[in-house]
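Each chain, letter by letter, is given below.
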Amino acid sequence: MNPLNHVAIIMDGNGRWGLKKRNSRNAGHKAGLNTVEKIIKETIKQKIRFLTLYAFSTENWKRPKKEVNYLFNLLENFLINRIDELHKQNIKLKIIGIKSFSNKLNKLLNASEKKTSKNTKLQINLALNYGSKFEIINAFKNLLKSKVKISEKNLNKYLQTKDIPDPDLLIRTGNTKRLSNFLLWQLAYSEIFFEKKLWPDFNEKDYSKIINNFRSVKRNFGNI
Ligand code: FPP
């Protein structure tokens with residue numbers, strides 16, 4: 001059975017779900033947040049140590065302002081209402097991406113990270129304003145500045161995921177098969193599962209089915 005320390009998820013399909021069910025993309029994001037809660041619970045149950053969720057990419061700024069504002073409001077309210085509970089459950093929150101939001105949201109993100117920084121049960125990495133190509137270029141710049149040897153190990157030290165093991169498993173919902181500039185370096189040897197369901201329809205059962213499949217896959221890492 002494969003050990004599973006880190007699951008990364010591209011939560012795709014909110015917009016389509018919202019349009020189909022409520023004639024509003026934002027309703028899909030709201031429903032998507034319920035799935036986030038279910039998946040966090042199941043991740044704890046499965047004793048997985050790291051969960052990375054792609055919540056907003058550097059390319060998502062191209063969306064209508066109304067949708068972008070809705071997403072950040074949702075995130076703000078989520079943190080205000082849920083951070084104490086996450087803290088009580090011994091969950092650590094870490095943001096990966098560039099924190100260049102409103103003052104209020106930046107402060108809230110920093111405070112949430114600080115409050116939960118010593119927690120050890122599950123680390124949730126929330127990818128916000130995250131782009132993998134930017135992350136890699138930035139890491140290279142810092143590596144060159146540091147004048148240490150250019151190696152995989154040293155580059156890892158300058159990535160935003162520096163203290164986190166690479167994902168063992170990537171799940172993308174929403175019936176689309178692409179990586180969308182997410183963890184391109186870190187996913188080099190991850191098992192990838194594409195799920196047809198839209199994110200708001202995805203549930204604990206679907207998640208644990210994928211986990212069970214993952215556990216029995218033969219992982220070669222280039223060997224035979
Ligand atoms: C992708 O679906 C989803 C997003 C860009 C946002 C993800 C946000 C959530 C799941 C809810 C908020 C989460 C937190 C942690 C507060 P899409 O809109 O691209 O869907 P589409 O492909 O159907 O258009």
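Scroll up for the structure.
No experiment lies behind these values; they were computed from the predicted model shown.

1. A short note on the environment of Leu109
Okay, step 1: Among the structural elements, Leu109 can be located in helix H4 (residues 103–116).
Okay, step 2: The buried category is assigned to Leu109, whose relative accessible area is 0%.
Okay, step 3: Along the chain, Leu109 and Lys99 lie ten residues apart, while their C-alpha atoms are 8.3 Å from each other.

2. Section: a positive patch on the surface
Okay, step 1: The grouping of Lys20, Lys21, Arg22 and Lys30 at the surface amounts to a positive patch.
Okay, step 2: Broken down by element, the residue count for the positive patch peaks at three residues, all from helix H1 (residues 14–22).
Okay, step 3: Mapped onto the elements of the fold, Arg22 is located in helix H1.

3. Brief notes about the pattern of salt bridges
Okay, step 1: Applying the stated rule across the entire model yields 13 salt bridges.
Okay, step 2: Ionic pairing is found between Lys162 and Asp163, a salt bridge with its closest N-O pair at 3.8 Å. With respect to burial, Lys162 and Asp163 carry one shared label: exposed.
Okay, step 3: For Arg219, the salt bridge identified is with Glu191, shortest N-O distance 3.4 Å. Residue Arg219 is found in the segment after helix H7 (204–216), and its partner Glu191 is found in strand S6 (residues 191–194); the two are separated by 28 residues along the sequence. With respect to class, Arg219 is no different from Glu191; both count as buried.
Okay, step 4: One salt-bridge network, in which partners are shared between bridges, spans Asp12, Arg16 and Arg172.

Definitions and limits used
Residues numbered from 1 in each chain as written. Predicted model: local features only at pLDDT ≥ 70, side-chain atom pairs only at ≥ 80, totals over all residues. Heavy atoms only, no water. Helix = DSSP H or I, 4+ residues; strand = E, 2+ residues; numbered from the N terminus. Buried < 20%, exposed > 50% of the residue type's maximum accessible area, 1.4 Å probe, protein only. Patch = residues over 30% accessible without salt bridge, like charges linked within 9 Å, V, L, I, M, F, W, Y side chains within 5 Å. Areas by Shrake-Rupley, 256 points an atom, 1.4 Å probe, with all protein chains shown as cover. Salt bridge = Lys/Arg side-chain N within 4 Å of Asp/Glu carboxyl O. Lys, Arg positive; Asp, Glu negative; His and termini not counted. Charge placed at Lys NZ, Arg CZ, Asp CG, Glu CD.

Any functional reading would require information that these geometric values do not contain.
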